Amino acid sequence: MPPELATADELVAALQRHGLVRGGFLALSLADERGEPGIGIAEPSGGQWALATGRPAAAVARLEAEFRPRWVWWSQQTPLELARAGVRVATCWDLVAVHRLIFGGWRADPALIWAALHDLDPASMPTTGQLDLFDSAGDEGTDPEDPIRPDGHLRPEWAGGGWARDPRRLAGWARTALRASALQQRRLAAAPATGDGPATARSESAAELLCAELTVDGLPIDTERAEQIIASFAGPRPRDAAEAAAVRERRDSTVLRLVPNSSDIDLRNPAQVRTLLARVGIDVPDTRSWRLERFAGAHPVVEALLAWRKAERIATTFGYEWLARNVGPDARLRGAWSGSDGAAGRMTAQAGLHNLPADLRPAVAAPAGHVLVRADLGQIEPRVLAAVSGDRALAKATQDDDLYAPVAGRLGVDRPVAKIAVLAAMYGQTSGAAGQALQNMESAYPVAMRYLREAYEAGRAGRSVRTYGGRLVRMWQTPAGLDAEQERANSASRGRFARNAVVQGAAAELFKAWAVTVRARGLPLQARVVLCLHDELLVQTPAEHGPAVQRLLTDCLTEAAARWAPDGSVRFVADVSVIERWSEAKD
């Protein structure tokens, strides 16, 4: 059925006639800079409409208010455009997020999503060259207004952006998105998962929606304090290249002057740093900071080198240029966010948002009249292991605020050794104290250990694994030409990766379920998530709502955990505090 052209009023009336229920699926395509302004809409009973309007986001806002649908779209670009226009929608189905959940990996463009759902060979996907932008080999004589080719693939001109050429195409693109979402739902219903795969898909989609808002909203920064911190490490802002070079030379001299005849050493070259250390009797296989920290006190150059590295990182990666490039005139640090790293599913961010040095945390500050509410999940990965493995003994330990205390009692060791045992089980350490600790874990928590062992063996054999929520985590294949020893090392590396991925991936699923619950429930309190950092949330809210948001974060964790692991056997905890600067939070 060809799409109908409609006004906003006609579109609302048409959706009412088609019986769109509140919360029902509604596909949306939003014209970008490649096409005329407008939106395309498609709903499950077959209706599809095109709306030509110079204010497409306003039309979406009206539909959101009328129906509160679960929006279906092809990529995060759509919620980004909505967020930039000030439109916040409640729920969505993000085809990219769900594709990465079902099929694993990072790449998730429309052509690949469509091919995977139809079991088509990705190598057979047609491409569009510069000379055939509006026609591709293999589709001569077919309808160019149909986004699907006779061979089942998406028409490359459409997938490459041609869907935005006019409003009627927007409607066809929305219809295609709706068809893809239905196929994804069928895949999820049939996919092996211990948890609730469809619920994970909804949560992962909401996480991408949150990421779009994080990208647009940014993290509040006290720029004056940030400049003070940078200056304390890197010196005053240099006026030109010559002054910058002089500052760099002075920073290097604080290290080099401690070792005679070292002016030839380049501190940015690890091999030369090893040479420098050897001159004072320190022989190390590499110059990683954790290794050098073991030699603190052996010679003054070690402490000086570690301090130099911190100053160098701030000066070069988080210095004045970084501040000017990423912090806007509204004092917000912005970088692109994604809901999945393409491996185990952790959220990622650019512009240093995920690896901001602790020294810069005092610069992350609530705007006037607001506070930050910070929440940090406690011992999240061992608690997640208890949930996903179904180990009742380990689940019992999670009822304690400090999980390692009851584990220590069960193993008959002190708490530090118990912590080593749990972490060694998840991360694969087998030497030193971890070896004996692991033997104790095998007898004390056999169900959890079997779960980890099965993941390890699958990865070692090159088989992909799935997380509790159903995310496919792909294993790499053995490179050609390895000898027997290299092959064993490669297999063992895959095994360790798989063992860790099933825990980290499940923890990421729970974290995102928590974050999107906070996003939804915090709306009446004007609370907005401004940072998601592995197992830590930072929320901005008006000062008068701080205590209420503090309670909300704990309540949302309870709610999200009950949906994610509904048997309720595992207790999840978070340390929550109301602060003005990120640095005020306890670690």
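Use the structure listed above.
So, here's what we can say about the structure. Remember, predicted model here, so these are calculated numbers, not experimental data. (Residues numbered from 1 in each chain as written. Predicted model: local features only at pLDDT ≥ 70, side-chain atom pairs only at ≥ 80, totals over all residues. Heavy atoms only, no water.)

**Considerations on the overall build of the protein**
For the record, the criterion: Going along the chain from the N terminus, every DSSP run of H or I of four or more residues is numbered as a helix, and every run of E of two or more is numbered as a strand. Note that the radius of gyration is over C-alpha atoms, with the globule rule given as 2.2 Å times the number of residues to the power 0.38. Each residue gets one of three labels from its accessible area relative to the maximum for its type: buried under 20%, exposed over 50%, partly exposed in between, using a 1.4 Å probe on protein chains only. Accessible surface is estimated by sampling points in the Shrake-Rupley manner with a 1.4 Å probe; for residues, cover comes only from the protein chains shown.
Across its full length, the protein holds 22 helices and 16 strands. A compact globule built from 587 residues should have a C-alpha radius of gyration of about 25 Å, and the protein, at 27 Å, falls within 12% of that. Projecting the C-alpha coordinates of the protein onto the three principal axes gives extents of approximately 80 × 65 × 60 Å. Counting across all 587 residues of the protein, residues that qualify as buried make up 54%. Put simply, the protein shows about 26,100 Å² of open surface, and 51% of that area lies on carbon and sulfur atoms.

**Notes on the packing of helix α1 (residues 8–17) against helix α2 (residues 56–67)**
Rules: Throughout, an axis means a line fitted to C-alpha atoms (over the contacting stretch in the case of helices), and angles, computed between N-to-C directions, take values from 0 to 180 degrees. Angular relationships are summarised with four words: roughly parallel below 35 degrees, roughly antiparallel beyond 145, roughly perpendicular across 65 to 115, and oblique for the angles in between. By definition, any crossing whose near helix is turned counterclockwise from its far helix by less than a right angle is left-handed, and any crossing with a clockwise turn is right-handed. In this description, contact between two residues means that some pair of their heavy atoms is separated by no more than 4.5 Å. Residues are grouped as follows: Ala, Val, Leu, Ile, Met, Phe, Trp, Tyr, Cys and Pro are nonpolar; Asp, Glu, Lys and Arg are charged; every other residue, Gly included, is polar.
Between α1 and α2, the least distance of the axes is 11 Å, while the angle of their chain directions is 30 degrees. Taken together, the axis directions place α1 and α2 in an arrangement best described as roughly parallel. In the crossing of α1 with α2, the sense of the turn from one axis to the other is right-handed. On α2, the residues touching Ala-8, Asp-9, Leu-11, Val-12, Leu-15 and Gln-16 of α1 are Arg-62, Leu-63, Glu-66 and Phe-67. The class makeup of the residues in the contact of α1 with α2 is 6 nonpolar, 1 polar and 3 charged.

**A look at the packing of aromatic side chains**
To be explicit about the condition: Ring pairs shown here join Phe, Tyr and Trp side chains whose ring centres sit within 6.5 Å, with only the six-membered ring taken for Trp; geometry is labelled stacked below 30 degrees between planes, edge-to-face above 60, and tilted in between. Each ring is checked for a lysine NZ or an arginine CZ that lies within 6 Å of its centre and within 35 degrees of its normal; such an atom marks a charge sitting over the ring.
Evaluation of the coordinates by the stated rule reveals 9 aromatic pairs. Here the aromatic rings of Trp-476 and Phe-497 are separated by 5.6 Å at their centres, their planes lie at 55 degrees, and the arrangement is tilted. Within this pair, whereas Trp-476 is found in the loop between β13 (472–473) and α21 (484–521), its partner Phe-497 is found in helix α21, the two being separated by 21 residues in sequence. Taking the relative accessible area as the measure of exposure, Trp-476 reaches 32% and is therefore partly exposed. An aromatic cluster is built from Trp-74, Trp-158, Trp-163 and Trp-173, whose rings are joined through pairwise contacts. Stacked on the ring of Tyr-445, the Lys or Arg Arg-410 has its end atom at 5.4 Å from the ring centre.

**Section: helix α4 (residues 95–103)**
The condition is simple: Under the rule applied, a polar contact is a pair of N or O atoms within 3.5 Å (in protein, one hydrogen donor and one hydrogen acceptor; residues adjacent in sequence only if both atoms are side-chain atoms).
Within α4, 9 of the 9 residues are buried, leaving the element largely enclosed by the surrounding structure. Every buried residue belonging to α4 is among Leu-95, Val-96, Ala-97, Val-98, His-99, Arg-100, Leu-101, Ile-102 and Phe-103, and all of these are buried. In this structure Asp-94 caps α4, since a side-chain oxygen of it lies 3.0 Å from the backbone nitrogen of Val-96. Looking one or two places after α4, you find Gly-104, whose phi comes out positive at around 75 degrees.

**Thoughts on the sheet that holds strand β16 (residues 574–579)**
Inclusion rule: Only strands that DSSP links by at least two bridges are regarded as paired with each other.
Read from one edge to the other, the open sheet built from 4 strands follows the order β14-β15-β11-β16, with strand pairing classed as antiparallel. If you trace the sheet from one side to the other, it starts and ends with β14 (528–533) and β16, each paired once. With strand direction ignored, the average angle separating the axes of adjacent strands in the sheet is 20 degrees. Bridge count for β14 against strand β15 (residues 536–542) is 5 bridges, and the pairing is antiparallel. Of the residues in β15, the one forming a bridge with Leu-531 is Leu-538.

**Describing the nonpolar core**
Defined as follows: Within this scheme, the nonpolar core is defined by two criteria: the residues are buried Ala, Val, Leu, Ile, Met, Phe, Trp, Tyr or Cys, and they are joined through side-chain atoms within 4.5 Å.
Counting 102 residues, the largest nonpolar core has Trp-514, Cys-532, Trp-564 and Phe-572 as its most contacted members. Top element by residues in this core is α21. It accounts for 12 residues. Excluding residues within four positions of it along the chain, Phe-572 makes contact with Ile-380, Arg-383, Val-384, Ala-387, Leu-510, Leu-557, Ala-561 and Trp-564. In terms of nonpolar packing, the next biggest core, distinct from the first, is built from 32 residues, Ala-31, Val-96, Ala-108 and Ala-164 among them.

**Concerning the state of the cysteines**
As a reminder of what qualifies: Two cysteine sulfurs form a disulfide in these notes if their separation is within 2.5 Å.
Taken as a whole and judged by the stated rule, the model has 0 disulfides. There is no disulfide at Cys-92, and the cysteine sulfur nearest it, in Cys-211, is 11 Å away. The exposure class assigned to Cys-92 is buried, which follows from its relative accessible area of 1%. Between Cys-556, a cysteine without a disulfide, and Cys-532, which holds the nearest cysteine sulfur, the sulfur-to-sulfur distance is 13 Å. Look at Cys-556 and you get buried, because its relative accessible area is 1%.

**Topic: the environment of Val-518**
The topology assignment puts Val-518 in helix α21. The exposure class of Val-518 is buried, given its relative accessible area of 1%. When the C-alpha atoms of Val-518 and Asn-261 are compared, they prove to be 58 Å apart, with 257 residues separating the residues in sequence. Residues in contact with Val-518, not counting those within four places in the same chain, are Val-529, Leu-537, Val-539, Leu-553 and Cys-556.

**Some points on the pattern of salt bridges**
Formally: Take a side-chain nitrogen of Lys or Arg and a carboxyl oxygen of Asp or Glu: if they are within 4 Å of each other, that pair is a salt bridge.
What the rule picks out here adds up to 34 salt bridges. The partner of Asp-575 in a salt bridge is Arg-374, with the nearest N and O atoms 3.7 Å apart. In this pair, Asp-575 is assigned in strand β16 and Arg-374 in strand β11 (residues 370–377), connecting sequence segments 201 residues apart. Taking the relative accessible area as the measure of exposure, Arg-374 reaches 2% and is therefore buried. Put simply, Arg-88, Glu-213, Asp-217, Arg-519 and Arg-528 are held in one network by salt bridges that share partners.

**Description of the side chain of Glu-213**
When you line up the elements, Glu-213 lands in helix α8 (residues 197–217). Of the residues examined, Glu-213 reaches a relative accessible area of 6% and is grouped as buried.

**A word on the sheet that holds strand β2 (residues 25–30)**
Read from one edge to the other, the open sheet built from 6 strands follows the order β1-β4-β3-β2-β5-β6, with strand pairing classed as mixed. In the strand order of this sheet, the two ends are held by β1 (4–5) and β6 (91–94), each with one partner. The strands touched by α2 are β2, β3 (39–42), β4 (48–51) and β5 (70–73); relative to β3, the strand with the most contacts, the crossing angle is about 30 degrees. Taken strand by strand, α4 contacts β5 and β6, and its axis lies near 55 degrees from that of β6.

**Side note on unusual backbone geometry**
Of note, the phi angle at Arg-68 is positive, near 40 degrees, even though the residue is not glycine. Its location among the elements puts Arg-68 in the loop between α2 and β5. Although it is not a glycine, His-534 adopts a positive phi angle of roughly 60 degrees. Its location among the elements puts His-534 in the loop between β14 and β15.

Nothing here speaks to function; it is all geometry.
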